[in-house]
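Overview (structure and organization)
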Amino acid sequence: MTIKKICCIGAGYVGGPSCSVIAYKCPDITVNVVDLSVQRIAQWNSDTLPIFEPGLDAIVKQVRNKNLFFSTDITAGIKEADLIFICVNTPTKSFGLGKGRAADLKYIESAARMIAKDATQSKIVVEKSTVPVKAAESISNILRANQKPGVKYQVLSNPEFLAEGTAVKDLLEPDRVLIGGEQTPEGLQAIESLVWVYQHWVPKENVITMNTWSSELSKLAANAFLAQRISSINAMSAVCECTGADVSEVAHAIGTDSRIGNKFLKASVGFGGSCFQKDVLNLVYLCECLNLPEVAAYWQQVININEYQRRRFANRIIECLFNTVTDKKIAIFGFSFKKDTGDTRESAAIYITKYLLDEGAQIRIYDPKVETDQIFRELTHPMICDDEEKVKRLVTVCNDPYVTAEDSYAIVICTEWDEFVTYDYKRLYDTMLKPAYVFDGRLILDHEKLINLGFHVETIGKRLIRANVHRPIAATN
Ligand code: UDX
Ligand code: ADP
């Protein structure tokens, strides 16, 4: 089948950027991105896109309303398309069977039902959202149970590996593109059609094809392996703090072994983002359902260490501040789950803030990209804090880092934004209460310099000399 029109259901972090790049690289294909959310589509059609990704604005500007369209007309999008990407959200279930672990497939199911209702000609349906293994089978079952005469479907798996903050680069130069499908003549033909789309810019050897289940599992496995590396180095960071070893030195030493490699070995306050926790939990649930309890327990430990790391960091803040933070002003620098994105999903900052709020601290938050409303939405989520009044009373969002730190006991670095490194820490120190603390949850600051300014510095995976031991002469006079 020649692909002339593509429809993408879901204009989120995955659907928006990936289909913008397809439209940009394939001028011979018309790409319609559709979504139920009127607001999100309006944002995609405006000068302020709903997501911040370096390089995305320029690409969207170049192709929007030429061969890239954003619309809420889902029916028209489905009817016209030869190929449909399903890019809807697959959050972790919050109630019922598999609560807290299994992926909630209600949006996938609803997208499949919309396709079945509106399609009047054969389609290739591609699941791009990360899904549990065998989700393609569920999509196929829905489509085939509602099949109209003359309408045939092939369901492919084409997981997206883009990371936020580098989405455009990851899409333009992917390490690989994975396409899974039925190993039947029709399935192989559908795979070839999608390979053809990617070959507009991705070298053929970088497009890997396989059976559907391998493709679905590979996505979960890739995220589980990446998350496991972070939990492994974070587990080592606890050992470092007890022994005097330095986690950055350990990471460097093991990363130079070419079999291990140096990526994803940066110790931190814990991983966040919409994928790692969700996908590992999804894998755990899958293993339990497959009666593989030992395998499930193995992967569950990756999540447990992540929670342990966040809790450990928050406890350190409380312990250092004389075991109580009640009514103390604490400045949180960074609320997104990593730098160069405004996304806050599962951000470590949410949990650190929650633990400090539980102790009655007064929290001031500064993030260069995250909107105030978004911060309050995260902190008042029922799983975080069910007392909205308390959050409103104790949390202030500031738009200036110097104002954020004024009169505070401590600065807590939760996100590794580049600008945090460039601040005038002398100026920050002068306006803070003494002893002034910095808790560097991302290992980005020059700790020695801060100690010399008079700060008491605590970080991950490294013991530092205390300010009261190593006070600059000016401070002791
Ligand atoms: C991840 C995968 O990288 C991507 O392939 C997949 O498609 C989606 O999930 P993303 O969540 O956008 O991407 O960001 P990533 O760069 O993987 O970072 C995830 C979290 O791990 C962030 O909170 C980051 O700060 C943290 N991290 C990453 C570390 O703590 N240490 C590291 O060494 C690397
Ligand atoms: P992801 O990170 O997986 O892209 P997002 O939450 O950013 O997840 O985006 C998913 C998008 O899918 C949302 O904008 C949501 O409105 C949209 N969506 C969910 N279900 C449907 C549906 N049945 N039809 C159209 N859009 C949908």
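Preceding block: the structure.
Report follows, based on the coordinates.

With that settled, consider the sheet that holds strand E9 (residues 329-333). The pairing of strands in a sheet comes from backbone hydrogen bonds and takes either a parallel or an antiparallel form. Sheet architecture is open: six strands sit in the order E11-E10-E9-E12-E13-E14, paired in parallel fashion. The sheet terminates laterally at strand E11 (395-397) and strand E14 (456-459), the two strands that pair on one side only. For this sheet, the mean angle separating the axes of adjacent strands, direction not counted, is 20°. Pairing of strand E12 (residues 410-413) with strand E13 (residues 437-440), which is carried by four bridges, proceeds in the parallel orientation. What sits directly across from Ala-410, in E13, is Tyr-437. Relative to E13, helix H12 (residues 293-320) is tilted by about 170°, and along the sheet it contacts E9, E12, E13 and E14.

Tallying each qualifying case throughout the model produces two cavities of 30 Å³ or more. Of the pockets and cavities examined, the largest cavity occupies roughly 40 Å³. If you go around the largest cavity, the residues you meet are Glu-127, Ser-129, Thr-130, Val-131, Ser-157, Pro-159, Ser-215, Glu-216 and Lys-219. Among the elements that take part in the lining of the largest cavity, helix H9 (residues 212-243) stands out by supplying three residues, more than any other. Partitioning the lining of the largest cavity into residue classes produces two nonpolar, four polar and three charged. Estimates place the volume of the second largest cavity at around 30 Å³.

This part covers the pairing of E14. Residues His-456 and Glu-458 of E14 are buried on one face, and the alternating residues Val-457 and Thr-459, pointing to the opposite face, are buried as well. Sheet topology places E13 next to E14; four bridges connect them, and they run parallel. Residue pairing for E14: Tyr-437 is matched across the bridge by His-456. Taken together, E13, helix H19 (residues 447-453) and E14 form a β-α-β motif whose crossover is right-handed.

A separate point is the side chain of Glu-241. Mapped onto the secondary structure, Glu-241 falls in helix H9. Given the relative accessible area of 13%, Glu-241 is considered buried. The residues touching Glu-241, leaving out its near neighbours within four places in the chain, are Arg-312, Arg-316, Thr-459, Ile-460, Gly-461, Lys-462 and Arg-463.

Near ligand 2 there are 17 residues, and of these Tyr-13, Val-14, Asp-35, Arg-40 and Ser-110 occur at the shortest range. Within the backbone of Val-14, an N or O atom sits 2.9 Å from an oxygen atom of ligand 2. At a separation of 2.9 Å, a nitrogen atom of ligand 2 approaches a polar side-chain atom of Ser-110. With four residues, helix H5 (residues 106-118) is the single largest residue contributor to the shell around ligand 2.

Another aspect to go through is the packing of helix H6 (residues 135-145) against H9. Between H6 and H9, the shortest axis-to-axis distance is 9 Å and the interhelical angle comes to 130°. The angle between the axes of H6 and H9 places the two elements in the oblique class. Residues Ala-135, Ala-136 and Glu-137 of H6 touch H9, and the partners they reach there are Thr-212, Trp-213 and Glu-216. Class assignment for the residues of the contact of H6 with H9 results in three nonpolar, one polar and two charged.

A word on helix H3 (residues 56-63). Along H3, the positions that sit buried rather than exposed are Leu-56, Ile-59, Val-60 and Val-63. For H3, the angular spread of the buried residues around the axis is 95°, confining them to a single face. In H3, the exposed residues that point more than 90 degrees away from the buried face are Ala-58 and Lys-61. Looking at the residues trailing H3, positive phi occurs at Asn-65, about 65°.

Our focus in this paragraph is the site of ligand 1. Surrounding ligand 1, one finds 20 residues, the nearest of these being Phe-161, Glu-164, Ser-268, Phe-337 and Arg-442. Lys-338 is positioned with one of its side-chain polar atoms (N or O) 2.8 Å from an oxygen atom of ligand 1. If ligand 1 stood free it would expose 670 Å²; the protein chains cover 90% of that surface. Of all the elements, H9 adds the most residues to the shell around ligand 1, at four residues.

The next subject is the layout of surface pockets. Its boundaries defined by the atoms lining it, the second largest pocket holds a volume of some 260 Å³. Around the second largest pocket, the lining comprises 13 residues; the ones closest to its centre are Ser-122, Lys-152, Tyr-153, Gln-154 and Glu-186. Looking at the lining of the second largest pocket, the elements that each hand over two or more residues are strand E5 (123-127), strand E6 (153-157) and helix H8 (185-198). Ranked by residue count, the leading element in the lining of the second largest pocket is H8, at four residues. Among the residues forming the lining of the second largest pocket, the class breakdown is four nonpolar, five polar and four charged.

Cut-offs applied
- Each chain has its residues counted from 1, running along the sequence as written.
- Labels follow written order: the first chain is A, the first ligand is 1, and so on.
- Reporting in this predicted model follows two pLDDT cut-offs: at least 70 for local features of residues, and 80 or more for side-chain atom pairs to be given and counted; totals over whole chains, interfaces and linings ignore these cut-offs and use all residues.
- Side-chain measures here rest on the full set of heavy atoms in the structure, leaving out hydrogens and waters.
- Following DSSP output, two strands are said to pair if at least two bridges run between them.
- Where helices and strands are cited, they refer to DSSP runs of H or I of at least four residues and of E of at least two residues respectively, numbered from the N terminus.
- To obtain each axis, a line is fitted to C-alpha atoms, and for helices this fit is confined to the stretch in contact; angles are then taken between N-to-C directions over 0 to 180 degrees.
- Contacts are residue-level and defined by heavy atoms, with any inter-residue pair within 4.5 Å sufficient.
- Here a cavity denotes a set of grid points, spaced 1 Å apart and computed over the protein atoms alone, in which a 1.4 Å probe fits but from which it cannot get out, and a pocket denotes an open set meeting protein on both sides within 12 Å along at least five of seven lines; residues with an atom within 4 Å of a point are reported as lining.
- Grid points are joined across faces, edges and corners, and a volume is the space filled by probe spheres set on the points.
- Charged means Asp, Glu, Lys or Arg here, nonpolar means Ala, Val, Leu, Ile, Met, Phe, Trp, Tyr, Cys or Pro, and polar covers whatever is left, Gly included.
- Accessible area is worked out with a 1.4 Å probe on protein chains only. A residue is then buried under 20% of its type maximum, exposed over 50%, and partly exposed in between.
- Think of it like this: strands point away, you trace from the first strand over the helix to the second, and a clockwise trace means the crossover is right-handed.
- Consider each residue's heavy atoms; a residue with any of them within 4 Å of a molecule or strand counts as near.
- Polar contact is the term for a pair of N or O atoms within 3.5 Å; when the atoms are in protein, one must be able to donate a hydrogen and the other to accept it, and sequence-neighboring residues count only if both atoms are side-chain atoms.
- These descriptions rest on fixed angle ranges, namely under 35 degrees for roughly parallel, over 145 for roughly antiparallel, 65 to 115 for roughly perpendicular, and the rest for oblique.
- In this context, the arc is that of the directions from the helix axis out to the C-beta atoms.
- Computed by Shrake-Rupley with a 1.4 Å probe, the accessible areas treat only the displayed protein chains as cover when residues are assessed.

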